[in-house]
Amino acid sequence: MSSASVRYRRQYLHRSASVIIWSWVGALASAVLLWPAVLIMAADLSGLRSCNVNNSGLTISSCGKQSLNIGDFIILILVVSVAILTFSAVTHAIRMSRRVK
């Protein structure tokens, strides 16, 4: 066997249990962060509704937000960032759990 074939031969790579466990803990922690972020965004966007005006003698109006503001965009960026973090952490944990040939 030549030295080149020994050098390029793939070997089994086994990661320690602590690396695999901490990878999954990080993935679960990022998923736990995603849920409240989505709920906050849904609550914020539910405020975008049209005005209902009662013109039957009483002037009652219930209006929501009329447009998006900078806070809405910050919440949207937060949710997208946490979603990317969750996806990355889960795929990393899956890669750490697999045995490489």
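Residues numbered from 1 in each chain as written. Predicted model: local features only at pLDDT ≥ 70, side-chain atom pairs only at ≥ 80, totals over all residues. Heavy atoms only, no water.

## A few points about the environment of Ser81
- With respect to the helices and strands, Ser81 occurs in helix H3 (residues 70-97).
- Sequence separation between Ser81 and Leu34 is 47 residues, and the spatial gap between their C-alpha atoms is 9.3 Å. (Helix = DSSP H or I, 4+ residues; strand = E, 2+ residues; numbered from the N terminus.)

## Quick look at H3
- Here H3 is 28 residues long and its end C-alpha atoms lie 41 Å apart, about the 40 Å a rise of 1.5 Å per residue gives.
- Turning to H3, its buried residues are Asp72, Ile75, Val79, Val82, Thr86, Ala89, Ala93 and Met96.
- Looking at the packing, one finds that the buried side of H3 touches helix H2 (17-45). (Expected span 1.5 Å × (residues − 1). Buried < 20%, exposed > 50% of the residue type's maximum accessible area, 1.4 Å probe, protein only. Contact = heavy atoms within 4.5 Å.)

## Section: H2
- Compared with an ideal rise of 1.5 Å per residue, which puts 29 residues at 42 Å, H2 spans 42 Å between its outermost C-alpha atoms and is within 8% of the ideal.
- Every buried residue of H2 is listed here: Ser23, Ala27, Ser30, Ala37 and Asp44.
- Of the surrounding secondary structure, the elements contacted by the buried residues of H2 are H3.

## Observations concerning the side chain of Thr86
- With respect to the helices and strands, the residue Thr86 is situated in helix H3.
- One polar contact links the side chain of Thr86 to the main-chain carbonyl oxygen of Val82, over a distance of 2.8 Å.
- Thr86 has contacts with Ser30, Ala31 and Leu34, leaving out every residue within four places of it along the chain. (Polar contact = N/O pair within 3.5 Å; in protein donor to acceptor, adjacent residues only side chain to side chain.)

## Remarks on the packing of H2 against H3
- Relative orientation of the contacting elements H2 and H3 amounts to 155 degrees, with a least axis distance of 8 Å. Taken as axis vectors, H2 and H3 run roughly antiparallel relative to one another. Our pair here, H2 against H3, has a crossing hand that is left-handed.
- The class makeup of the residues in the contact of H2 with H3 is 22 nonpolar, six polar and two charged. (Axes fitted to C-alpha atoms, helices over the stretch in contact; angles between N-to-C directions. Parallel < 35°, antiparallel > 145°, perpendicular 65-115°, else oblique. Left-handed = near helix turned anticlockwise from the far one by under 90°. Nonpolar A, V, L, I, M, F, W, Y, C, P; charged D, E, K, R; others polar.)

## Side note on the environment of Ile21
- Locating Ile21 in the fold gives a position in helix H2.
- Taking the C-alpha atoms as reference points, Ile21 and Met96, 75 residues apart in sequence, are found 9.3 Å from one another.

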